[in-house]
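Below, each chain spelled out in residue letters.
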Amino acid sequence: MRIISTRLFCASRLGAAALGAAIGISVSGAATAEITRKGSWPEVAPKVSLEVRGEPRNEALRRVAREAGWSLVLNVPPGDVVELHVKNQPADKVLELLLADGSYVATRDGDLIAIAPAAAAPRPADASPAPPEPPALPALPEPPALPALPEPPAPPEPPGARAPAESSDDAEDEDHDADDARPSSRGRDRFVTGGSLRVERGEVVHDVSVIGGSLDVWGTVTGDIDVMGGSTHIHDGARVRGDVSTVGGPLTVADGARIDGDVDVVGGPLRRGARARIKGDVNNEVSPIGGDGASAKGASTLARQAGNAVTRTALLFAFGAVMLALWPRRMEALKVEIAARPMRSFALGVVGVLGALALSVALCVTLIGIPFAVIGLLLAVIAVVAGGCAVLETAGAGLFGHRTRNPYVHLAIGCLGLLVVGAIPYVGGAICAAVALIGAGALVATRLAGLIRPKPRGDAAAGPYRTAP
């Protein structure tokens, strides 16, 4: 076997520019390279940068197609081991250089490229005749054939057994529309509540719904994914042919993962790999992993969040102003309790919130108690907001009480301070929770600002058995 090591150069349409990479291919024998292109090939091909060491040529071709975003169908010999060092070069030129050991036909239809050997070329007329073949030796008599043994019966396939996964991602990409039409390839629906779910590599499922748990996808999801209250991770090699919707948790789409539908993330970040493929629309999209920082869409999202915070603060001030106008004495009672014993109000708020949740759960045991639980929770939320307004008014009075005694100004200053402090990550959420708990504790300490009267004491409690002093 004669080994030929060549340094390949190609002259592109832009001029005699060097390829900028060295491709070392070990082939057996010498052949004339001829690549015939059919179909629609764009003028400018995508550029690729990759490195392959000690892998068969077919694997290198698949790597080039994956980097360029093509779907590749190969009908060529695997080829010898190649070494490929390419940096920012046209993908079609690299494809031709990898096929430099023979004549092939490359047919392209959109992003689908099929490569097959060209038809055998006719021999020229002036070619020298082939040397005469030596006379054939007489054939030896064949020994008598032994009787064939009966084949053992194949064991029955266990119920629920899954077909083995395809060996490559290219076979998975081909004819996926035809696979969707077959009911057997859709898989079954998966629904999990209060737990996590894992779709293994090679497993095929249809619609996936997870509530209160995380989801890890290594295989194929032929339908949609809906996750609420948990994290979602689409790993390398996984594929989702429908939409992905997550609420209250992060979504991670790793390099090599593919989503054919839309992506909608609410209440959580989206971490997308640089080579992750998402064909549909993306809501709440952030910069890819390793990107260059916030994009224009990230800036618009930040502006929208700031506008929502200002709107919530304005509504809180309006609600507190109504409470001050209708029940000034009750708001003053809450303010006195908060200013006198803030830590006691905080502790009572924690106990009161836990007690309200336990009471709501107890009422939801029966159908009759569910309406009362819903109404009670709504009233509790309104009361906690009123207590929070009292906390903000107290804070504003503590800051600017020496300048003005107007309670509405104090409330506005407290709301403005909450808006500024609430924008701090982590710290803002903790401060908002503390304001709500202190307000709830003040309501407990003052018996809902005097709405619930204490039991009578003194003469009425003593009754006829009270003795004179």
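Just so we're clear, the structure is a prediction, and the values are computed from it rather than from any experiment.

Peer 1: Explain the overall build of the chain here, please?
Peer 2: Looking only at helices and strands, the chain features twelve helices and 24 strands. Taken across its 469 residues, the chain has 30% of its residues classed as buried. Sequence separation of at least 24 residues holds for 42% of the intrachain contacts in the chain that already meet a minimum separation of 6.

Peer 1: I keep staring at the packing of helix H8 (residues 369–400) against helix H9 (residues 407–422) and nothing clicks. Help me out?
Peer 2: Axis angle and axis distance: for two packed helices, these are the angle between their axes and the distance between the axes, and together they describe the pair. Relative orientation of the contacting elements H8 and H9 amounts to 100°, with a least axis distance of 7 Å. Regarding the angle of H8 to H9, the classification is roughly perpendicular. Only Pro407, His410, Leu411, Ile413, Gly414, Cys415 and Leu418 of H9 make contact with H8, whose side of the interface consists of Cys389, Leu392, Glu393, Gly396, Ala397, Leu399 and Phe400. Taken together, the residues that form the contact of H8 with H9 break down as ten nonpolar, three polar and one charged.

Peer 1: Which parts of the structure should I look at to understand the nonpolar core?
Peer 2: In globular proteins that are soluble, nonpolar side chains generally tend to be buried together. In terms of nonpolar packing, the biggest core is built from 25 residues, with Ile225 and Val263 touching the most fellow members. Mapped onto this core, the elements with two or more residues apiece are strand E11 (197–199), strand E12 (204–211), strand E13 (215–217), strand E15 (225–228), strand E19 (251–253) and strand E21 (263–266). Those residues in contact with Val263, other than ones at most four positions away along the chain, are Val244, Leu251, Leu270, Ile278, Asp281, Val282 and Asn283. Core analysis: the next-biggest nonpolar cluster, separate from the first, contains 24 residues, Trp41, Val94, Leu98 and Ala106 among them.

Peer 1: Sorry if this is basic, but what is going on with a negative patch on the surface here?
Peer 2: Residues Asp224, Asp226, Asp243, Asp262 and Asp281 make up a contiguous surface patch of negative charge. With a relative accessible area of 37%, Asp226 lands in the partly exposed category.

Peer 1: Just checking my understanding: could you explain the sheet that holds strand E4 (residues 34–39) for this structure?
Peer 2: Read from one edge of the open sheet, four strands run E4-E8-E9-E6, paired in mixed fashion. On the outer flanks of this sheet lie E4 and strand E6 (71–74), each paired with one strand and no other. Recorded for the sheet is a direction-independent mean angle of 20° between the axes of neighbouring strands. Sheet topology note: the strand E8 (residues 103–109)/strand E9 (residues 112–117) ladder contains six bridges and is antiparallel. Counterpart to Val105 in the pairing with E9 is Ala116.

Conventions and cut-offs
Residues numbered from 1 in each chain as written. Predicted model: local features only at pLDDT ≥ 70, side-chain atom pairs only at ≥ 80, totals over all residues. Heavy atoms only, no water. Helix = DSSP H or I, 4+ residues; strand = E, 2+ residues; numbered from the N terminus. Buried < 20%, exposed > 50% of the residue type's maximum accessible area, 1.4 Å probe, protein only. Contact = heavy atoms within 4.5 Å. Axes fitted to C-alpha atoms, helices over the stretch in contact; angles between N-to-C directions. Parallel < 35°, antiparallel > 145°, perpendicular 65-115°, else oblique. Nonpolar A, V, L, I, M, F, W, Y, C, P; charged D, E, K, R; others polar. Core = buried A, V, L, I, M, F, W, Y, C linked by side-chain atoms within 4.5 Å. Patch = residues over 30% accessible without salt bridge, like charges linked within 9 Å, V, L, I, M, F, W, Y side chains within 5 Å. Areas by Shrake-Rupley, 256 points an atom, 1.4 Å probe, with all protein chains shown as cover. Salt bridge = Lys/Arg side-chain N within 4 Å of Asp/Glu carboxyl O. Lys, Arg positive; Asp, Glu negative; His and termini not counted. Charge placed at Lys NZ, Arg CZ, Asp CG, Glu CD. Pairing = 2+ DSSP bridges.

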